[in-house]
Amino acid sequence: MTGRPLETLLRDLNEKQRLAVEHGEGPLLIVAGAGTGKTATLAHRVAYLIAQGSDPSRILLLTFTRRAAAEMLRRVDSLLRHLGSVERDESRPTSAAPLPLRQASNRVWGGTFHAVATRLLRLHGRAIGLDPSFTILDRSDAEDLLGVLRTELGLAKSDRRFPLKSTCMDIYSRCINAREPVEEAVENYFPWCRDDVGDLRKLFSLYVDRKGTQGVLDYDDLLLYWHGLLSDARAGAAVRRRFDWVLVDEYQDTNALQAEILQMLTPDGKGLTVVGDDAQAIYSFRAATVRNILDFPARFPSTTIVTLEQNYRSTQPLLRATNAVIAETSERYAKELWSARGGGTRPQLVICQDEDEQTEALIRQVLEHREAGLALRRQAVLFRASHHSLALELELARRNIPFRKYGGLRFVETAHVKDLLTFLRLAENPRDLMAGTRVLMLLPGVGPKKARALMDRLGSRVVSSERMHPEPAASDRESAAAVARAEAPAGPEAEDESEAPESAEALRAVDTRGESSPWSAWRACPPPSAAAAAHWRDLVELMSLIGGRRPGDLASQIHQVRLFYAPLLERLYDNARARLLDLQQLEYLAARFNDRARFLAELALDPPSYSEDFAGPPLLDEDFLILSTMHSAKGLEWDVVYVIHAADGNIPSDLATGRADEIEEERRLFYVALTRAKDWLYVFYPLRYYSYPRSFSDVHGYAQLTRFLPPHVQSLFDVRQAGGPATADDASRAGQPGKASTEGQVTLEDIRRRLKAFF
DNA sequence: TGTTGGAAAATTTTT
DNA sequence: TTTTCCAACA
């Protein structure tokens, strides 16, 4: 490419950003403070690589959410588009970029670790004996499976109380993601389960087995098997060969397993770029460790570190305050953020008598800003826990102020949506026990027992049909073929389309012979109960259709399920009308997808959130106030930010003050919230708050102002009483406390065996 | 199977 | 307070 268009690309960057964008192949760590143009830098780097002639389909861009991936690729696209037009203007043909620059961003591999893992496993899984038609258990399915096994092992009935299934899941998940043995994880994070370690091991081992026989993967498996794929000599090499460049966003929120995956993907760090801010590490509850970013240079000795400190988001008075908050942290990459933006008002600390006054003052302030011309959607209310916004939501609804909440109840977690999706999942994978059980129990007169019996019949049929077609434990010849296919020089899109249906084919092929279709096992059964008689035949027909060779397009499959499910829904749940509308919504949503497996995976890995519940009728201009948990606010920015419930017990959360590092994380979370603001920042501090553990009617007494705002930090705020103007008296009052191996062939069995040895 | 009551435990953030 | 688990019953 000629020099000038590249110059155009780099023009808007500052010196440091430019350094990062133009950096060559060596491992690169970009330490990017809040608001320092991290996303822009990463997007520029991707665009730069493409403009220089890198093949976009050989670039892997790992982000934290799908939303982040989409945003990043949108920016890459717009940069390239701009570049293209510059060239046209100068009527200079592109020499170094063989592909049309437009649409190049579509070819980049972008997504979360989990989503990318899913894609790679569908492509290469066979090489380690993984049937690519696996379905994904979401968190609650995985918990339910653990619950079943917990009962099966007789752990539920013991005289001592065994940990709840959700706790079991947490422990299991931490072991996998942090790569810690059970004892260690339990000792450090779940000490009250110390006596149950032996039984937990048994439980986890069985859990691994069952997922295997059912062809299901939970979230952790996606990463674990990606890791396994990379440990396999052949498949690992094939996966490594796919990518020239690997870029990772939000590196501070990756866990040990993910760090290992990266290292196996680029053993010497060649082509590896990670971006993150240790000051914004807030996902340790998901086993993320800030050590990854702190130790990156040690892991990849030739690392270049670029630190971005110029903040483009906030005004200087806001930065002074946020810098002071984070300065208390002990170990960090030292950064002093500064802004070229002049002027601006100081942040405000608003002291309220109680939650009602907080709500009142907040809404007044929001409306005031809107009067002054700031749309609601440029203002956001942030809080520690999802339920902290409840009172506010009710009041907003009452006053007809539209809002949208992020991080609340999710659409796909509502029972009826889940039910419907479960039909599809069962059609996709008849071995999926949790899916089958859920579907069958919808029938009147069918409980766990009968459901289990019917699933066993189905399962035996599937297994026996597989014996006729040796499927798992693929022969060398077969896995070699799979690798060869995956490496065919087509774009990733084309491959995915051709691969996924083929895997599902394996199961459905049996259907042509009619008798051996898995569903024929059900066809032969009498209705499981008298009450279910009316539905049984229809269910068998439905599953034979959507689980057969010609299921029809996705929307029509959902339509078929709806026809069957609607009467059951009306029997099972109240509020049937609204629920049926949701299902219709889902059918529309599905029209955008043609591949069922991908649809299910996307919904499981990044479910859309559900917000209409309490929101008032949408205004004409579709303006709405943003409500978000602090976690979900990561990476976003607004002109005005309101942080509510900023009192000890909520920030830091009562539940996270056990250990010093937990308090540090709460501080970073608070910091993330504060640094979302561009021009105005309000921190609301209710003196009285209601504390959940005791009771809703029990006033917890005078709250202690969050320990993250000691006097010298408070002095950077304007302190005022919610009722009136700020006074020196208020200021003083606020300060007062009240109260692997990388060699040789690896099979799925190997991974499981190793895993079980682990337990 | 499906419902009910009582006792005990957990209580946040989310791929 | 709410959720979850379990045992006893219809």
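Each chain carries its own residue numbering, running from 1 in the written order of its sequence. Chains carry letters and ligands carry numbers; both start at the beginning, A for chains and 1 for ligands, and go up in the order they are written. With the structure being a predicted model, the display of local features is reserved for residues of pLDDT at least 70 and the display and counting of side-chain atom pairs for 80 or more, all residues being used for whole-chain, interface and lining totals. Only hydrogens and water are set aside; all other atoms, that is, all heavy atoms of the structure, feed into the side-chain values.

1. Overview of the nonpolar core
Cut-off, in case you're wondering: Nine residue types can take part in a nonpolar core, namely buried Ala, Val, Leu, Ile, Met, Phe, Trp, Tyr and Cys, and a core is a set of them joined through side-chain atoms within 4.5 Å. Relative accessibility under 20% of the residue-type maximum defines a buried residue, over 50% an exposed one, and the middle range a partly exposed one, all with a 1.4 Å probe and only protein chains included. Contact between two residues is taken to exist if any of their heavy atoms lie within 4.5 Å; hydrogens are not considered.
Core analysis: the largest hydrophobic core is formed by 118 residues, its most contacted members being Trp226, Phe423, Leu440, Trp522, Leu539 and Phe599. In this structure, Phe599 is in contact with Leu421, Leu424, Leu554, Ile558, Leu586, Ala590 and Phe593, ignoring residues within four places of it in sequence. Membership of the second largest hydrophobic core comes to 37 residues, among which are Ile282, Ala288, Leu674 and Ala677.

2. Considering the pattern of salt bridges
Note the cut-off: One speaks of a salt bridge when a side-chain nitrogen belonging to Lys or Arg is within 4 Å of a carboxyl oxygen belonging to Asp or Glu. Secondary structure elements are taken from DSSP: a helix is a run of H or I of four residues or more, a strand is a run of E of two residues or more, and numbering for both begins at the N terminus.
Going through the model one piece at a time under the given rule, you end up with 46 salt bridges. Here Glu25 ties to Lys270 by a salt bridge, and the two come within 4.0 Å at their closest N and O atoms. Of this pair, Glu25 sits in the loop between α2 (15-22) and β1 (28-32) while Lys270 sits in the loop between α13 (256-265) and β7 (272-276), and the two are 245 residues apart along the sequence. The exposure class assigned to Glu25 is partly exposed, which follows from its relative accessible area of 44%.

3. With respect to the environment of Lys450
Within the fold, Lys450 resides in helix α21 (residues 448-468). The partly exposed category is assigned to Lys450, whose relative accessible area is 38%. Between the C-alpha atom of Lys450 and that of Ile171, which follows or precedes it by 279 residues, the distance is 31 Å. Residues in contact with Lys450, not counting those within four places in the same chain, are Gly445, Pro528 and Ser529.

4. So, helix α19 (residues 415-428)
Where we set the bar: Under the convention used throughout, the expected extent of a helix is 1.5 Å for every residue step, that is, one less than its residue count.
The end-to-end C-alpha distance of α19, which contains 14 residues, comes to 20 Å, matching closely the 20 Å that a straight helix rising 1.5 Å per residue would cover. Burial within α19 is extensive, with 13 of its 14 residues counted as buried.

5. A closer look at the sheet that holds strand β16 (residues 677-686)
By way of backbone hydrogen bonds, the strands of a sheet pair with one another, either parallel or antiparallel. This is how the line gets drawn: Being paired, for any two strands, means DSSP has found at least two bridges between them. Angular values range over 0 to 180 degrees, each being the angle between N-to-C directions of two axes fitted as lines to C-alpha atoms, with helices fitted over their stretch in contact.
Spatially, the 7 strands line up as an open sheet ordered β13-β14-β12-β15-β16-β11-β19, and their pairing is parallel. The sheet is open, and its two edges are formed by β13 (403-406) and β19 (718-721), each paired on a single side. Looking at each pair of strands side by side, their axes are set apart by 20 degrees on average, direction ignored. Pairing of strand β12 (residues 379-383) with strand β14 (residues 625-629) involves 4 bridges; the strand directions are parallel.

6. Topic: the sheet that holds strand β8 (residues 304-308)
With respect to topology, 6 strands assemble into an open sheet ordered β3-β2-β6-β7-β1-β8, the strand pairing being parallel. Each edge of the open sheet carries a strand with a single partner, namely β3 (109-112) and β8. Each strand of the sheet is rotated relative to its neighbour by a mean of 15 degrees, with strand direction disregarded. Where strand β2 (residues 59-63) and strand β6 (residues 245-248) come together, 4 bridges link them in parallel fashion. Note on β6: the bridge partner recorded for Ile59 is Trp245. Relative to β6, α13 is tilted by about 160 degrees, and along the sheet it contacts β2, β6 and β7.

7. Some thoughts on the confidence of the model for chain A
Any segment with low pLDDT has predicted coordinates that should not be analysed in fine detail. Threshold: Residue-level confidence of the predictor, termed pLDDT, takes values from 0 up to 100.
With 77% of its residues at a pLDDT of 70 or more, chain A shows a mean pLDDT of 79. The secondary structure element of chain A with the lowest average pLDDT is helix α22 (residues 476-487), at 38, and the one with the highest is β6, at 97. Low pLDDT, under 50, characterises residues 610-620; the predicted model gives this stretch 17 contacts beyond four residues in sequence or across chains. Scored below 50 in pLDDT, residues 691-703 shows 24 contacts in the model against residues more than four places distant or in partner chains.

8. Some thoughts on the side chain of Thr63
This is how the line gets drawn: Within 3.5 Å is the distance limit for a polar contact, defined as a pair of N or O atoms, with the added protein rule that one can donate a hydrogen and the other accept it, and that residues adjacent in sequence qualify only through two side-chain atoms.
Here Thr63 lies in strand β2. For Thr63, the side chain forms a polar contact with the main-chain oxygen of Thr65, separated by 3.0 Å. Discounting chain neighbours no more than four positions away, the residues touching Thr63 are Ala68, Ala69, Met72, Gly111, Thr112, Phe113 and Asp249.

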